[in-house]
Amino acid sequence: MMRTFTILASVLSLGSTALAQPVTLAEAVAPGNLTKCTLELELKGELVVIAEKGKETLPLQAKARHLFTERVLEVAEGLPSSTARYYSQAVASAVVVVEKHDRTLPDDRRLVIARRNSDGLFCFSPAGTLTQDTLDLITEHFNPQCLPGLLPGKAVAIGDTWPINDTTAQVACLFDALVKAQLTGKLTELQEDIATFTIEGTAEGLENGAKVQLVVNAKGTFNTKTGLIASLVWKQKDQREQGPVNPASQVDVMVTLKREPVAERPKELNNDQLDAQPGAEVPAKLAALVHTDPKGRYQMQYAREWYMTGQTDSHLVLRFLDKGDFLAQATVTAWAKVPPGQHTSIEDFKKAVNSAPGWTPTKVLTEGELPTVAGRWCYRLAVEGKMDELPVVQTFYLLAGPQGDQVAVTIAMTPEKVKAFRDRDAALIDGLQLGKK
């Protein structure tokens, strides 16, 4: 009995020592790496909007599911900096109060290039231009490019901790810019080939010009055989201030990630076009976004710095941000149709825009017809004035197509923003196509 006890004690002692042995937690990141990712998101909280009676809270719920295979194209700072993704599924559904908004990735936009840079994530599809909804669907989910940075990159023992560097924190938190982060990883358990770790702490950054504060509590597993993070449950308390293109919000987010290596490159990620992607300049057409009026009255291609913030039956409102700085607002209005080859008279147009509620024009800066493509007519009127007693510079455009379709565009900004905005309105106007295709 004593001998048995001694042997048992020795075995337990050896087992304890084995468990205490350090384990290397590191992912080998290199071009050509292939992984399959399944991401599921659940979000609950509230939006905080400014109403006539003060602040009002609106309940918000959202769910999303993304399933894609990812191929690393380029590496920087120890993380994938450019990847090609083929989405077999990408869906999201959000409910604000009782209004539901569903998004699904079109079949012809399932191949996506995701590039990480100092300003955040830039995604585009080699197949063609994206809409704002499609862009949001593929950029607002958890970014797996951060995963190698969540690991210490060296051997650690149970109970050891390590800091998460700023680059990884910015990518993981989907910030356009990082203000500060205090995220810490810790190895908590080791069983056979699976090492369990946690990521905890806080982060603060900017997204679309709004300040964001996060409290992170995540738990993941690392497979020592595959050398990959195999799973991750990322929970965060997300508090956002009101920004130029979004309301304030307070939400709880949970992301569930499952990940596995892929041995054979799928045909969708195996072509010469992808091999040429790293470092190549994105064509202007693919970098732009496209919007089609629900009634087919116009279509517009526009720069990503413009964000849609409102839409009614007759109006579309966009705001222009330059690295988070709000420069200008554009309102696109479907104007009354006229007989083919004609347009609303300049005097009637001037009378209509100058009589807008709250607007007091004081000085005409420029006005006149602009040269344009055959069959299209364009008039511009730039005016200084006051909107509800605040100094504003507004530029009014009226466009008419050969079939009598008309669109008016108003671009407004404060005088101090005119120099920074420069002539970016020209590209917006050039990108407008009138009438049904």
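Before reading on, note that the structure itself is shown above.
Residues numbered from 1 in each chain as written. Predicted model: local features only at pLDDT ≥ 70, side-chain atom pairs only at ≥ 80, totals over all residues. Heavy atoms only, no water.

**Focus: the sheet that holds strand 16 (residues 298–302)**
- The strand order 15-16-24 describes an open sheet built from three strands, whose pairing is antiparallel. Since the sheet does not close on itself, it has two edges, and those belong to strand 15 (289–292) and strand 24 (432–434), each with one partner. Geometrically, the sheet is characterised by an average inter-axis angle of 15° between neighbouring strands, direction not taken into account.
- Direction of pairing for strand 16 relative to strand 24: antiparallel, over a ladder of three bridges. Residue pairing across strands places M300 opposite L432, the latter belonging to strand 24. (Pairing = 2+ DSSP bridges. Helix = DSSP H or I, 4+ residues; strand = E, 2+ residues; numbered from the N terminus. Axes fitted to C-alpha atoms, helices over the stretch in contact; angles between N-to-C directions.)

**Things to note about the sheet that holds strand 18 (residues 315–322)**
- Strand order across the open sheet formed by seven strands is 17-18-19-23-22-21-20, with antiparallel pairing between neighbours. Two strands close off the open sheet at either side, each with one partner strand: strand 17 (306–311) and strand 20 (359–370). Going across the sheet, the axis of each strand differs from the next one's by a mean of 20°, ignoring polarity.
- In terms of strand pairing, strand 21 (residues 377–387) meets strand 22 (residues 390–400) through eleven bridges, oriented antiparallel. The residue bridging W377 from the neighbouring strand is A400, located in strand 22.
- Contacts from helix 6 (residues 346–354) reach strand 19 (325–335), strand 20, strand 21, strand 22 and strand 23 (406–413), with the element oriented near 30° to strand 21. (Contact = heavy atoms within 4.5 Å.)

**Details of the nonpolar core**
- Judged by nonpolar contacts, the single largest core of 79 residues is most densely connected at L25, L150, L232, W234, M300, V409 and I411.
- The contacts of M300, once residues within four sequence positions are left out, are L289, V290, H291, L316, L318, V332, L428, G431 and L432.
- Counting twelve residues, the second largest nonpolar core, distinct from the first, contains W359, V383, V392 and L398. (Core = buried A, V, L, I, M, F, W, Y, C linked by side-chain atoms within 4.5 Å. Buried < 20%, exposed > 50% of the residue type's maximum accessible area, 1.4 Å probe, protein only.)

**Observations regarding empty space enclosed by the protein**
- If you walk through the whole model with that rule in mind, you get one cavity of 30 Å³ or more.
- Considered as a void within the structure, the largest cavity measures approximately 30 Å³ in volume.
- Lining the largest cavity we find D293, R297, Y298, Q311, T312, D313, S314, H315 and L316.
- Residues of the lining of the largest cavity, tallied by class, amount to two nonpolar, four polar and three charged. (1 Å grid on protein atoms, 1.4 Å probe; cavity = no way out; pocket = protein on both sides within 12 Å on 5 of 7 lines; lining within 4 Å. Points joined across faces, edges and corners; volume = space filled by probe spheres on them. Nonpolar A, V, L, I, M, F, W, Y, C, P; charged D, E, K, R; others polar.)

**Considerations on the packing of aromatic side chains**
- Applying the stated criterion to the full structure yields ten aromatic pairs.
- Ring centres of W335 and F349 lie 5.5 Å apart, and the angle between their planes is 70°; on these two criteria the pair is classed as edge-to-face. With W335 in strand 19 and F349 in helix 6, this pair connects stretches of sequence that are 14 residues apart.
- On the accessibility criterion, W335 (24% relative accessible area) is partly exposed.
- You can call F349 buried: its relative accessible area is 1%.
- Three or more aromatic residues joined by ring pairs make a cluster, and in this case those are W335, F349, W377 and Y379.
- Lying over the aromatic face of F122, R304 brings its terminal NZ or CZ to 4.1 Å of the ring centre. (Phe/Tyr/Trp six-rings, centres within 6.5 Å; stacked < 30°, edge-to-face > 60°. Lys NZ or Arg CZ within 6 Å of the ring centre and 35° of its normal.)

**Quick word on the pattern of salt bridges**
- Throughout the structure, instances matching the rule amount to 19 salt bridges.
- For R85, the salt bridge is made with E70, and the minimal N-O distance between the two is 2.6 Å. Note that R85 is positioned in strand 4 (residues 79–96) and E70 in strand 3 (residues 54–76), a separation of 15 residues in sequence. Neither R85 nor E70 differs from the other in exposure class; each is buried. (Salt bridge = Lys/Arg side-chain N within 4 Å of Asp/Glu carboxyl O.)

**Re the layout of surface pockets**
- Roughly 610 Å³ of volume is contained in the second largest pocket.
- Considering the residues around the second largest pocket, the lining is formed by 24 residues, among which Q329, M387, Q394, T410 and A412 are closest to the centre.
- Contributing elements (two or more residues each) for the lining of the second largest pocket: strand 19, helix 6, strand 22 and strand 23.
- Per-element tally for the lining of the second largest pocket: the top contributor is strand 19, with seven residues.
- Among the residues forming the lining of the second largest pocket, the class breakdown is 16 nonpolar, seven polar and one charged.

**Notes on helix 3 (residues 166–173)**
- Summarising burial for helix 3: six of the eight residues are buried, a large majority.
- If you check the start of helix 3, you find a side-chain oxygen 3.2 Å away from the backbone N of T167, and it comes from N165.
- L174 sits one or two residues past helix 3 and shows a positive phi near 60°. (Polar contact = N/O pair within 3.5 Å; in protein donor to acceptor, adjacent residues only side chain to side chain.)

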